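The chain contents come next:
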Amino acid sequence: AVSRNGRVAYVANLQSDDIGIYDVEADTGRLIPRTSVAAAGGRVNELRMHPTEDILYAVEKSAPHIETFEVDALTGDLTSIGTLDLGSNGGEAIVSDSLGRFLFVSNVFNDRIYTLDVDRDTFLPSLAFTSPGTGNQPLALAITRDDRFLYTCTLGSNTIEAFTIDALTGAL
């Protein structure tokens, strides 16, 4: 994930249980390692920036967490502001609608996609819906630019599943 100002990059480090923070060199795009931040649940699998705010979401695979970080607009430093327990290990991918109202998280261990409602003031997510089955092991997620459809490819059944997104609730 890259900060909204483009000056800092964040990398999910699945094996070291942290998030790497890199400065982005403006002229070349080269990444300069700065530091890392430990994740509450460990095994950080994927990161997603909020589309309109300085907020970073981390999917933590070993613990059933989505961790929310506030991003310092000047330095790019991360401060954890909360975790959401999803109740089942296996968080794999995370995407957001274009306005940041909803997050969608795939879980490869229980074959589900969670719809998370994002609080408009705190930007902390809460569980809104769990999809019906998604085939076998939903791996990657993608949303169309108009926020109408969500796609997932499944590892176990080698298929691509399509879902319609309810514009008011985020339900699939």
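Scroll up to find the structure.
Fair warning: this is a prediction, and the values are worked out from it, not measured in the lab.

S.K.: Please provide a residue-by-residue account of the side chain of Asn-107, values included.
M.R.: By secondary structure assignment, the location of Asn-107 is in strand E9 (residues 102–107). Look at Asn-107 and you get buried, because its relative accessible area is 1%. A polar contact of 3.0 Å, which involves the side chain of Asn-107, links it to the backbone nitrogen of Asn-110.

S.K.: Lay out the sheet that holds strand E14 (residues 159–164) in plain terms, naming residues and giving numbers.
M.R.: In space, the three strands of this open sheet follow the order E12-E13-E14, with antiparallel pairing throughout. For this open sheet the edge positions go to strand E12 (138–143) and E14, each flanked by a neighbour on one side alone. Adjacent strand axes in the sheet meet at a mean angle of 25°, parallel and antiparallel pairs treated alike. Where strand E13 (residues 149–154) lies against E14, six bridges are found, and the strand directions are antiparallel.

S.K.: Residues and numbers for the sheet that holds strand E7 (residues 78–85), please.
M.R.: Taking strand neighbours across the sheet as the criterion, the four strands line up as E4-E5-E6-E7 in an open arrangement whose pairing is antiparallel. The open sheet has two edge strands with one neighbour each: strand E4 (44–49) and E7. Neighbouring strand axes in the sheet, compared pairwise and without regard to direction, differ in orientation by 25° on average. Here strand E6 (residues 65–71) pairs with E7 via seven bridges, running antiparallel. Each bridged residue has a counterpart across the sheet, and for Ile-66 the counterpart in E7 is Leu-84.

S.K.: I'd love a proper account of the side chain of His-65, names of residues and values included.
M.R.: You can see His-65 is positioned in strand E6. The buried category is assigned to His-65, whose relative accessible area is 17%. Apart from residues lying up to four places away in sequence, His-65 is in contact with Ala-40, Gly-41, Ala-58, Val-59, Glu-60, Thr-83, Leu-84 and Asp-85.

S.K.: Just give me the short version of the environment of Arg-48, but keep the residues and values in it.
M.R.: Along the chain, Arg-48 turns up in strand E4. Residue contacts for Arg-48: discarding those within four places in its chain leaves Ile-55, Leu-56, Tyr-57, Ile-94, Val-95 and Ser-96. In this structure the side chain of Arg-48 is engaged in a polar contact, spanning 2.9 Å, whose partner is the backbone oxygen of Ile-94.

S.K.: So, the pattern of salt bridges: which residues are in play, and what are the values?
M.R.: Enumeration over the complete set of coordinates arrives at eight salt bridges. With its nearest N and O atoms 2.6 Å apart, the salt bridge here joins Arg-34 to Asp-77. Taken together, the residues span a long stretch of sequence, with Arg-34 in strand E3 (residues 31–38) and Asp-77 in the loop between E6 and E7 at a distance of 43 residues. Classification of Arg-34 as partly exposed rests on a relative accessible area of 31%. For Asp-77, a relative accessible area of 36% corresponds to the partly exposed category.

S.K.: So what's going on with empty space enclosed by the protein? Residues and values would help.
M.R.: Once rolled over the atoms, a probe with the size of a water molecule shows which space is left empty. On inspection of all chains with the given rule, the structure shows one cavity of 30 Å³ or more. A volume near 30 Å³ is recorded for the largest cavity. Together, Val-59, Glu-60, Pro-64, His-65, Ile-66, Leu-86, Ser-88, Gly-91, Val-105 and Asn-107 line the largest cavity. Its residues placed into classes, the lining of the largest cavity shows five nonpolar, four polar and one charged.

Quick notes on the rules
- Residues numbered from 1 in each chain as written.
- Predicted model: local features only at pLDDT ≥ 70, side-chain atom pairs only at ≥ 80, totals over all residues.
- Heavy atoms only, no water.
- Helix = DSSP H or I, 4+ residues; strand = E, 2+ residues; numbered from the N terminus.
- Buried < 20%, exposed > 50% of the residue type's maximum accessible area, 1.4 Å probe, protein only.
- Polar contact = N/O pair within 3.5 Å; in protein donor to acceptor, adjacent residues only side chain to side chain.
- Pairing = 2+ DSSP bridges.
- Axes fitted to C-alpha atoms, helices over the stretch in contact; angles between N-to-C directions.
- Contact = heavy atoms within 4.5 Å.
- Salt bridge = Lys/Arg side-chain N within 4 Å of Asp/Glu carboxyl O.
- 1 Å grid on protein atoms, 1.4 Å probe; cavity = no way out; pocket = protein on both sides within 12 Å on 5 of 7 lines; lining within 4 Å.
- Points joined across faces, edges and corners; volume = space filled by probe spheres on them.
- Nonpolar A, V, L, I, M, F, W, Y, C, P; charged D, E, K, R; others polar.

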